[in-house]
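# Observations on chain architecture
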Amino acid sequence: MSIPKAELHLHIEGTLEPELAFALAARNGIELPYATTGELRRAYSFSDLQSFLDLYYALMAVLRTEQDFADLADAYLARAAEQGVRHAEIFFDPQAHTVRGIGIGTVIEGLARALDSSEERHGISTRLIMCFLRDESAESAMEIFEAARPFFGRISAVGLDSAEVGNPPSKFREVYAAAAEAGLHRVAHAGEEGPPAYIWEALDLLGVERVDHGIRCMEDPALVERLVRDQVPLTVCPLSNVRLRCVDTLAEHPLPAMLDAGLLVTVNSDDPAYFGGYAGDNFDAVRDALPLDADALRTLARNSFRAAFLDDAVREAYLAEVEAYDFG
Ligand code: HPA
Ligand code: ZN
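The sections below set out a description of the structure shown in this document. (Residues numbered from 1 in each chain as written. Chains lettered and ligands numbered in written order. Predicted model: local features only at pLDDT ≥ 70, side-chain atom pairs only at ≥ 80, totals over all residues. Heavy atoms only, no water.)

### Focus on the nonpolar core
The test is simple: For this analysis, a nonpolar core means a set of buried residues of the types Ala, Val, Leu, Ile, Met, Phe, Trp, Tyr and Cys, connected via side-chain atoms within 4.5 Å. Exposed residues in this analysis have more than 50% of their type's maximum accessible area, buried residues have under 20%, and partly exposed residues fall in between, with area computed by a 1.4 Å probe over protein chains only. Here a strand is any run of E in DSSP of at least two residues, a helix any run of H or I of at least four, and the numbering for each starts at the N terminus. Only heavy atoms matter for contacts: two residues are in contact if any of them lie within 4.5 Å across the pair.
Ranked by internal contacts, the top residues of the largest apolar core, which has 111 residues, are Tyr 76, Phe 132, Phe 145, Tyr 176 and Tyr 274. For this core, the leading source of residues is helix α4 (residues 66–82), giving seven residues. Beyond its immediate chain neighbours, meaning those up to four positions away, Phe 145 contacts Met 130, Phe 132, Phe 152, Val 158, Val 175, Ala 178, Ala 179, Ala 182 and Leu 184. By size, the runner-up hydrophobic cluster in this structure holds six residues, among which are Ile 129, Cys 131, Ala 157 and Val 187.

Structure follows, in C-alpha coordinates:
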(Lines give C-alpha, C1' and ligand atoms only; values in the text may rest on other atoms or scores of the structure.)
(Ligands and ions follow the chains in the order given, each with its own letter.)
Protein backbone atom coordinates (compact mmCIF):
# COMPACT_ATOMS: atom_id res chain seq x y z
CA MET A 1 0.00 0.00 0.00
CA SER A 2 1.13 3.48 -0.93
CA ILE A 3 2.00 5.92 1.91
CA PRO A 4 -1.02 7.44 3.75
CA LYS A 5 -1.88 10.80 2.24
CA ALA A 6 -4.52 13.49 1.85
CA GLU A 7 -5.69 14.43 -1.62
CA LEU A 8 -6.40 18.16 -1.77
CA HIS A 9 -6.71 18.82 -5.51
CA LEU A 10 -9.24 16.54 -7.11
CA HIS A 11 -12.10 17.50 -9.42
CA ILE A 12 -14.82 14.89 -8.94
CA GLU A 13 -15.95 15.39 -12.55
CA GLY A 14 -12.38 14.56 -13.57
CA THR A 15 -12.68 11.10 -12.05
CA LEU A 16 -15.24 10.01 -14.67
CA GLU A 17 -13.62 6.94 -16.22
CA PRO A 18 -14.71 5.97 -19.77
CA GLU A 19 -16.40 2.77 -18.50
CA LEU A 20 -18.56 4.72 -16.04
CA ALA A 21 -19.26 7.41 -18.67
CA PHE A 22 -20.68 4.73 -21.01
CA ALA A 23 -22.64 3.06 -18.18
CA LEU A 24 -24.23 6.36 -17.13
CA ALA A 25 -24.92 7.30 -20.76
CA ALA A 26 -26.79 4.01 -21.21
CA ARG A 27 -28.68 4.47 -17.94
CA ASN A 28 -29.76 7.98 -18.94
CA GLY A 29 -30.44 7.28 -22.62
CA ILE A 30 -27.66 9.59 -23.80
CA GLU A 31 -25.66 8.98 -26.97
CA LEU A 32 -21.94 9.70 -26.65
CA PRO A 33 -20.03 10.81 -29.77
CA TYR A 34 -17.65 7.84 -29.30
CA ALA A 35 -18.37 4.21 -30.23
CA THR A 36 -16.25 2.55 -27.55
CA THR A 37 -14.34 3.29 -24.35
CA GLY A 38 -11.15 2.77 -26.36
CA GLU A 39 -12.15 5.42 -28.86
CA LEU A 40 -12.96 7.82 -26.02
CA ARG A 41 -9.61 7.12 -24.34
CA ARG A 42 -7.84 7.94 -27.58
CA ALA A 43 -9.38 11.44 -27.39
CA TYR A 44 -7.38 12.04 -24.17
CA SER A 45 -4.52 13.76 -25.93
CA PHE A 46 -4.37 17.37 -24.89
CA SER A 47 -2.37 20.37 -26.12
CA ASP A 48 -3.26 22.71 -23.25
CA LEU A 49 -5.79 23.33 -20.47
CA GLN A 50 -8.58 24.45 -22.85
CA SER A 51 -8.34 21.34 -25.05
CA PHE A 52 -8.85 19.23 -21.92
CA LEU A 53 -11.68 21.42 -20.59
CA ASP A 54 -13.62 21.01 -23.85
CA LEU A 55 -13.80 17.22 -23.39
CA TYR A 56 -14.21 17.46 -19.60
CA TYR A 57 -17.35 19.62 -19.93
CA ALA A 58 -18.75 17.60 -22.85
CA LEU A 59 -18.58 14.30 -20.97
CA MET A 60 -20.45 15.77 -17.99
CA ALA A 61 -23.61 15.33 -20.11
CA VAL A 62 -23.92 11.80 -18.67
CA LEU A 63 -24.25 13.11 -15.07
CA ARG A 64 -27.95 13.74 -14.48
CA THR A 65 -29.32 12.25 -11.26
CA GLU A 66 -28.35 12.21 -7.58
CA GLN A 67 -27.43 8.56 -8.04
CA ASP A 68 -25.09 9.44 -10.93
CA PHE A 69 -23.17 11.85 -8.70
CA ALA A 70 -23.17 9.33 -5.84
CA ASP A 71 -21.84 6.57 -8.13
CA LEU A 72 -19.15 8.91 -9.49
CA ALA A 73 -17.92 9.87 -6.03
CA ASP A 74 -18.09 6.32 -4.68
CA ALA A 75 -16.01 5.02 -7.60
CA TYR A 76 -13.38 7.70 -6.94
CA LEU A 77 -13.25 6.94 -3.21
CA ALA A 78 -12.78 3.22 -3.89
CA ARG A 79 -9.85 3.94 -6.25
CA ALA A 80 -8.34 6.50 -3.87
CA ALA A 81 -8.50 4.10 -0.91
CA GLU A 82 -6.45 1.54 -2.88
CA GLN A 83 -3.76 4.21 -3.26
CA GLY A 84 -3.38 5.21 0.37
CA VAL A 85 -5.68 8.25 0.39
CA ARG A 86 -7.02 8.72 3.94
CA HIS A 87 -8.57 12.16 3.52
CA ALA A 88 -9.94 13.82 0.36
CA GLU A 89 -10.98 17.44 -0.22
CA ILE A 90 -13.09 17.20 -3.33
CA PHE A 91 -13.80 19.96 -5.86
CA PHE A 92 -17.02 20.14 -7.81
CA ASP A 93 -18.17 22.58 -10.51
CA PRO A 94 -21.83 23.42 -9.82
CA GLN A 95 -22.16 25.88 -12.73
CA ALA A 96 -21.18 23.15 -15.20
CA HIS A 97 -24.29 21.25 -14.07
CA THR A 98 -26.83 24.02 -13.46
CA VAL A 99 -26.18 25.29 -17.01
CA ARG A 100 -27.44 21.88 -18.21
CA GLY A 101 -30.59 22.13 -16.09
CA ILE A 102 -29.34 19.96 -13.21
CA GLY A 103 -30.22 21.49 -9.84
CA ILE A 104 -27.40 22.29 -7.44
CA GLY A 105 -29.27 20.24 -4.81
CA THR A 106 -29.09 17.17 -7.08
CA VAL A 107 -25.32 17.59 -7.36
CA ILE A 108 -24.63 18.21 -3.68
CA GLU A 109 -27.09 15.64 -2.29
CA GLY A 110 -25.75 13.05 -4.72
CA LEU A 111 -22.12 13.67 -3.81
CA ALA A 112 -23.07 13.79 -0.11
CA ARG A 113 -24.69 10.35 -0.39
CA ALA A 114 -21.30 8.85 -1.26
CA LEU A 115 -19.29 11.05 1.09
CA ASP A 116 -21.52 10.25 4.07
CA SER A 117 -20.54 6.56 3.92
CA SER A 118 -16.93 7.16 2.87
CA GLU A 119 -15.28 6.71 6.28
CA GLU A 120 -17.17 3.48 6.84
CA ARG A 121 -16.88 2.06 3.30
CA HIS A 122 -13.46 3.34 2.25
CA GLY A 123 -11.70 4.64 5.38
CA ILE A 124 -11.49 8.14 3.87
CA SER A 125 -12.62 11.36 5.58
CA THR A 126 -13.85 13.99 3.14
CA ARG A 127 -14.60 17.66 2.54
CA LEU A 128 -16.39 19.34 -0.37
CA ILE A 129 -15.03 22.41 -2.14
CA MET A 130 -17.37 24.30 -4.46
CA CYS A 131 -15.54 25.89 -7.39
CA PHE A 132 -16.50 28.92 -9.45
CA LEU A 133 -15.84 28.71 -13.19
CA ARG A 134 -13.49 31.62 -13.81
CA ASP A 135 -14.40 31.85 -17.52
CA GLU A 136 -17.97 32.65 -16.46
CA SER A 137 -18.90 36.09 -15.10
CA ALA A 138 -18.45 37.38 -11.54
CA GLU A 139 -22.27 37.74 -11.43
CA SER A 140 -22.71 34.08 -12.30
CA ALA A 141 -20.28 33.15 -9.48
CA MET A 142 -22.31 35.23 -7.03
CA GLU A 143 -25.55 33.61 -8.21
CA ILE A 144 -24.27 30.07 -7.72
CA PHE A 145 -22.81 31.05 -4.35
CA GLU A 146 -26.26 32.24 -3.21
CA ALA A 147 -27.93 29.12 -4.67
CA ALA A 148 -25.53 27.01 -2.60
CA ARG A 149 -26.27 28.82 0.66
CA PRO A 150 -28.78 26.21 1.92
CA PHE A 151 -25.99 23.63 1.58
CA PHE A 152 -23.18 25.56 3.31
CA GLY A 153 -23.27 23.03 6.13
CA ARG A 154 -21.91 20.48 3.63
CA ILE A 155 -19.36 22.77 1.98
CA SER A 156 -15.97 23.51 3.54
CA ALA A 157 -14.45 25.90 1.03
CA VAL A 158 -14.79 27.75 -2.23
CA GLY A 159 -12.34 27.35 -5.12
CA LEU A 160 -11.72 28.80 -8.58
CA ASP A 161 -11.06 26.70 -11.68
CA SER A 162 -11.46 26.41 -15.48
CA ALA A 163 -9.67 28.54 -18.11
CA GLU A 164 -7.09 30.59 -16.21
CA VAL A 165 -5.40 32.97 -18.65
CA GLY A 166 -7.44 36.16 -19.08
CA ASN A 167 -9.57 35.37 -16.00
CA PRO A 168 -7.52 36.71 -13.08
CA PRO A 169 -8.47 36.19 -9.43
CA SER A 170 -9.29 39.91 -9.10
CA LYS A 171 -12.49 39.23 -11.10
CA PHE A 172 -13.86 37.25 -8.12
CA ARG A 173 -13.00 39.56 -5.21
CA GLU A 174 -16.63 40.11 -4.23
CA VAL A 175 -17.71 36.47 -4.07
CA TYR A 176 -14.58 35.51 -2.12
CA ALA A 177 -15.34 38.26 0.39
CA ALA A 178 -18.86 36.83 0.73
CA ALA A 179 -17.38 33.33 1.22
CA ALA A 180 -15.09 34.62 3.98
CA GLU A 181 -18.09 36.32 5.58
CA ALA A 182 -19.97 32.99 5.47
CA GLY A 183 -17.09 31.28 7.30
CA LEU A 184 -15.93 29.17 4.34
CA HIS A 185 -12.29 28.36 3.61
CA ARG A 186 -10.87 29.78 0.37
CA VAL A 187 -8.58 28.22 -2.23
CA ALA A 188 -7.99 29.05 -5.91
CA HIS A 189 -6.22 27.64 -8.95
CA ALA A 190 -3.43 30.07 -9.81
CA GLY A 191 -0.12 29.82 -11.62
CA GLU A 192 -0.97 26.67 -13.60
CA GLU A 193 -0.98 28.38 -17.03
CA GLY A 194 -1.41 31.87 -15.62
CA PRO A 195 1.44 34.16 -14.50
CA PRO A 196 2.85 34.63 -10.98
CA ALA A 197 0.81 37.86 -10.74
CA TYR A 198 -2.32 35.70 -10.50
CA ILE A 199 -0.87 33.95 -7.43
CA TRP A 200 -0.21 37.33 -5.78
CA GLU A 201 -3.82 38.31 -6.53
CA ALA A 202 -5.19 35.07 -5.12
CA LEU A 203 -3.28 35.70 -1.88
CA ASP A 204 -3.81 39.43 -1.53
CA LEU A 205 -7.24 40.00 -3.12
CA LEU A 206 -9.03 36.71 -2.46
CA GLY A 207 -7.36 35.78 0.83
CA VAL A 208 -6.76 32.18 -0.22
CA GLU A 209 -5.35 29.75 2.35
CA ARG A 210 -4.00 27.36 -0.30
CA VAL A 211 -2.97 27.79 -3.92
CA ASP A 212 -3.95 25.09 -6.41
CA HIS A 213 -1.10 24.25 -8.81
CA GLY A 214 1.00 27.39 -8.21
CA ILE A 215 3.98 25.97 -10.09
CA ARG A 216 4.68 29.25 -11.91
CA CYS A 217 5.59 30.85 -8.56
CA MET A 218 9.09 29.60 -9.33
CA GLU A 219 9.45 32.45 -11.86
CA ASP A 220 9.16 35.06 -9.08
CA PRO A 221 11.66 34.89 -6.18
CA ALA A 222 9.75 37.46 -4.08
CA LEU A 223 6.62 35.35 -4.44
CA VAL A 224 8.45 32.19 -3.40
CA GLU A 225 9.73 34.07 -0.35
CA ARG A 226 6.19 35.11 0.55
CA LEU A 227 4.79 31.56 0.10
CA VAL A 228 7.62 30.09 2.17
CA ARG A 229 7.31 32.74 4.89
CA ASP A 230 3.58 32.13 5.31
CA GLN A 231 3.84 28.39 4.58
CA VAL A 232 0.98 28.68 2.09
CA PRO A 233 0.32 25.17 0.79
CA LEU A 234 0.55 24.50 -2.95
CA THR A 235 -1.44 21.59 -4.35
CA VAL A 236 0.79 20.43 -7.19
CA CYS A 237 -0.46 17.90 -9.78
CA PRO A 238 2.56 16.43 -11.61
CA LEU A 239 0.86 14.11 -14.14
CA SER A 240 -1.67 16.84 -14.95
CA ASN A 241 1.12 19.34 -15.59
CA VAL A 242 2.72 17.02 -18.13
CA ARG A 243 -0.56 16.03 -19.86
CA LEU A 244 -1.61 19.68 -20.21
CA ARG A 245 1.90 20.64 -21.32
CA CYS A 246 2.55 23.08 -18.50
CA VAL A 247 5.78 21.09 -18.02
CA ASP A 248 7.51 19.29 -20.93
CA THR A 249 8.43 16.07 -19.13
CA LEU A 250 8.08 14.74 -15.61
CA ALA A 251 11.88 14.71 -15.30
CA GLU A 252 11.80 18.50 -15.71
CA HIS A 253 9.04 19.08 -13.14
CA PRO A 254 9.89 21.83 -10.60
CA LEU A 255 8.69 19.72 -7.63
CA PRO A 256 12.21 19.01 -6.23
CA ALA A 257 13.17 22.68 -6.58
CA MET A 258 9.94 23.68 -4.86
CA LEU A 259 10.71 21.37 -1.92
CA ASP A 260 14.28 22.64 -1.77
CA ALA A 261 12.99 26.22 -1.64
CA GLY A 262 11.03 25.36 1.51
CA LEU A 263 7.58 25.58 -0.08
CA LEU A 264 4.78 23.57 1.52
CA VAL A 265 4.14 21.38 -1.52
CA THR A 266 1.64 18.53 -1.84
CA VAL A 267 1.14 15.99 -4.66
CA ASN A 268 -2.33 15.42 -6.10
CA SER A 269 -4.08 13.95 -9.13
CA ASP A 270 -6.34 16.82 -10.41
CA ASP A 271 -8.42 14.86 -12.97
CA PRO A 272 -7.18 11.28 -12.62
CA ALA A 273 -9.43 9.70 -15.26
CA TYR A 274 -7.93 12.03 -17.87
CA PHE A 275 -4.32 12.48 -16.79
CA GLY A 276 -3.10 8.94 -16.28
CA GLY A 277 -3.35 8.31 -12.58
CA TYR A 278 -4.71 8.67 -9.08
CA ALA A 279 -2.88 10.08 -6.04
CA GLY A 280 -0.66 7.05 -5.46
CA ASP A 281 0.16 6.90 -9.18
CA ASN A 282 1.34 10.52 -8.96
CA PHE A 283 3.55 9.67 -5.97
CA ASP A 284 4.99 6.68 -7.86
CA ALA A 285 5.56 8.73 -11.01
CA VAL A 286 7.50 11.51 -9.26
CA ARG A 287 9.49 8.93 -7.28
CA ASP A 288 10.52 7.25 -10.54
CA ALA A 289 11.19 10.37 -12.62
CA LEU A 290 12.69 12.79 -10.10
CA PRO A 291 15.48 12.76 -7.52
CA LEU A 292 13.14 12.26 -4.55
CA ASP A 293 14.14 9.84 -1.79
CA ALA A 294 11.97 8.25 0.90
CA ASP A 295 12.40 11.31 3.14
CA ALA A 296 11.07 13.58 0.40
CA LEU A 297 8.08 11.31 -0.21
CA ARG A 298 7.33 11.25 3.51
CA THR A 299 7.56 15.07 3.56
CA LEU A 300 5.05 15.25 0.69
CA ALA A 301 2.65 12.97 2.58
CA ARG A 302 3.14 14.92 5.84
CA ASN A 303 2.54 18.20 3.96
CA SER A 304 -0.76 16.90 2.59
CA PHE A 305 -2.17 16.54 6.11
CA ARG A 306 -0.58 19.80 7.29
CA ALA A 307 -2.34 21.57 4.42
CA ALA A 308 -5.74 19.91 4.92
CA PHE A 309 -8.79 21.56 6.48
CA LEU A 310 -8.79 19.13 9.41
CA ASP A 311 -9.30 19.42 13.15
CA ASP A 312 -5.96 19.22 14.92
CA ALA A 313 -6.63 15.94 16.75
CA VAL A 314 -7.54 14.20 13.48
CA ARG A 315 -4.57 15.80 11.72
CA GLU A 316 -2.19 14.51 14.41
CA ALA A 317 -3.60 10.98 14.07
CA TYR A 318 -3.03 11.03 10.30
CA LEU A 319 0.48 12.48 10.75
CA ALA A 320 1.28 9.59 13.11
CA GLU A 321 0.27 7.18 10.32
CA VAL A 322 2.69 8.95 7.97
CA GLU A 323 5.55 8.68 10.46
CA ALA A 324 4.80 5.00 11.10
CA TYR A 325 4.74 4.11 7.38
CA ASP A 326 7.45 1.69 6.32
CA PHE A 327 8.66 2.09 2.73
CA GLY A 328 10.04 -1.46 2.99
N1 HPA B 1 -7.28 23.57 -14.16
C2 HPA B 1 -8.31 24.39 -14.24
N3 HPA B 1 -9.56 23.97 -14.21
C4 HPA B 1 -9.79 22.66 -14.09
C5 HPA B 1 -8.76 21.77 -14.01
C6 HPA B 1 -7.43 22.25 -14.03
O7 HPA B 1 -6.42 21.52 -13.98
N8 HPA B 1 -9.33 20.54 -13.90
C9 HPA B 1 -10.67 20.71 -13.90
N10 HPA B 1 -10.96 22.00 -14.03
ZN1 ZN C 1 -7.43 21.45 -10.90
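### Considerations on the sheet that holds strand β2 (residues 85–92)
Spelled out, the test is: What makes two strands pair is DSSP finding at least two bridges between them. Axes, fitted as lines to C-alpha atoms, cover a helix only where it is in contact. Angles between the N-to-C directions of the axes lie from 0 to 180 degrees.
Overall, parallel pairing links the eight strands, which are arranged β1-β2-β3-β4-β5-β6-β7-β8 in an open sheet. The open sheet terminates on both sides in strands that have one partner only, identified here as β1 (5–11) and β8 (264–267). Ignoring strand direction, the axes of neighbouring strands in this sheet form an average angle of 25°. The sheet contact formed by strand β3 (residues 125–133) and strand β4 (residues 157–161) spans five bridges and is parallel. Directly across from Met 130, in β4, lies its bridge partner Val 158. Docked against the sheet, α4 engages β1, β2 and β3, running at close to 145° with respect to β2. Contacts between helix α8 (residues 138–148) and the sheet are confined to β3 and β4, with β3 contributing the most and set at about 145° to the helix.

### Side note on the coordination of the zinc ion (ligand 2)
The condition that has to hold: For Na, K and Ca the donor cut-off is 3.2 Å, and for all other metals it is 2.8 Å, counting N, O and S atoms only; because water is absent from this set, sites may look incomplete. Here the metal geometry follows the donor angles, with tetrahedral for four donors whose angles all fall between 85 and 135 degrees, square planar for four and octahedral for six when opposite donors are more than 155 degrees apart and every other angle is between 65 and 115, and irregular for all the rest.
Those donors, His 9 (NE2), His 11 (NE2), His 189 (NE2) and Asp 270 (OD), are the protein atoms that reach the zinc ion (ligand 2), and they lie 2.0 to 2.2 Å from it. If you look at the zinc ion (ligand 2), its four donor atoms make angles of 81 to 173° with each other, and the shape they trace is irregular. Between the donor residues of the zinc ion (ligand 2), the gaps in sequence give the motif H-x1-H-x177-H-x80-D. Pair check on accessibility: His 9 and His 11 agree, each one buried.

### Points about helix α10 (residues 196–204)
Selection rule: Arc definition: it is the arc formed by the directions from the helix axis to the C-beta atoms.
The complete set of buried residues in α10 reads Pro 196, Tyr 198, Ile 199, Ala 202 and Leu 203. Along the axis of α10, the buried positions cluster into a sector of 155°, meaning they face one direction only. Tucked inside the fold, the buried residues of α10 contact β5 (185–190), β6 (210–213) and α11 (221–229).

### Some points on the site of ligand 1
The cut-off we apply is this: The nearness test applies per residue and asks whether one of its heavy atoms lies within 4 Å of the molecule or strand. In protein, a polar contact means a hydrogen-donor-capable atom and an acceptor-capable atom, both N or O and within 3.5 Å, with residues adjacent in sequence counting only if both atoms are side-chain atoms; elsewhere, any N or O pair within 3.5 Å suffices. Method remark: on a 1 Å grid restricted to protein atoms, a set of points is classed as a cavity if a 1.4 Å probe fits but cannot get out and as a pocket if it is open with protein on both sides within 12 Å along at least five of seven lines; lining residues have an atom within 4 Å of a point. The way we define it, a molecule is inside a pocket or cavity when more than half of its atoms are within 2 Å of that pocket's grid points. Any residue outside Ala, Val, Leu, Ile, Met, Phe, Trp, Tyr, Cys, Pro, Asp, Glu, Lys and Arg is labelled polar, Gly included; the first ten of those are nonpolar and the last four are charged.
Around ligand 1 sit His 11, Leu 49, Phe 52, Leu 53, Tyr 56, Asp 161, Ser 162, His 189, Glu 192, His 213, Asp 270 and Asp 271, and that is every residue in its neighbourhood. Here a nitrogen atom of ligand 1 sits 2.8 Å away from a polar atom, N or O, in the main chain of Ser 162. Between ligand 1 and Asp 271 there is a distance of 2.7 Å, counted from a nitrogen atom to a side-chain nitrogen or oxygen. If you map ligand 1 onto the pockets, it falls in the largest cavity. By residue number, the principal contributor to the shell around ligand 1 is helix α3 (residues 49–59), which donates four residues. Grouping the amino acids of the shell around ligand 1 by side-chain chemistry returns four nonpolar, four polar and four charged.

### Quick notes on the packing of aromatic side chains
The cut-off we apply is this: Centres within 6.5 Å make a pair out of two Phe, Tyr or Trp rings, where for Trp the six-membered ring is used; the pair is then stacked when the planes are under 30 degrees apart, edge-to-face when over 60, and tilted otherwise. A ring is considered to have a charge above it if a Lys NZ or an Arg CZ atom is located within 6 Å of its centre and within 35 degrees of its normal.
Taken as a whole and assessed by the stated rule, the structure comprises 15 aromatic pairs. A centroid spacing of 5.1 Å and a plane angle of 65° characterise the contact between Tyr 56 and Tyr 57, whose relative ring orientation is edge-to-face. Taking relative accessible area as the criterion, Tyr 56 reaches 2% and is therefore assigned buried. Measuring from ring centre to ring centre gives 4.9 Å for Tyr 325 and Phe 327, while their planes differ by 90°; the resulting arrangement is edge-to-face. For Phe 327, a relative accessible area of 31% puts it in the partly exposed group. We note Lys 5 situated over the ring of Phe 283; from NZ or CZ to the ring centre the distance is 4.9 Å. The ring of Phe 309 carries Arg 210 above its face, with NZ or CZ at 4.2 Å from the centroid.

### What about the environment of Leu 255?
Its place among the elements puts Leu 255 in helix α13 (residues 255–260). Residue classification places Leu 255 among the buried positions, given a relative accessible area of 0%. Considered as a pair, Leu 255 and Ala 81 are 174 residues apart in the sequence and their alpha carbons are 24 Å apart. For Leu 255, the contacting residues outside a window of four places in its chain are Val 265, Val 267, Val 286, Leu 290, Leu 292 and Leu 300.

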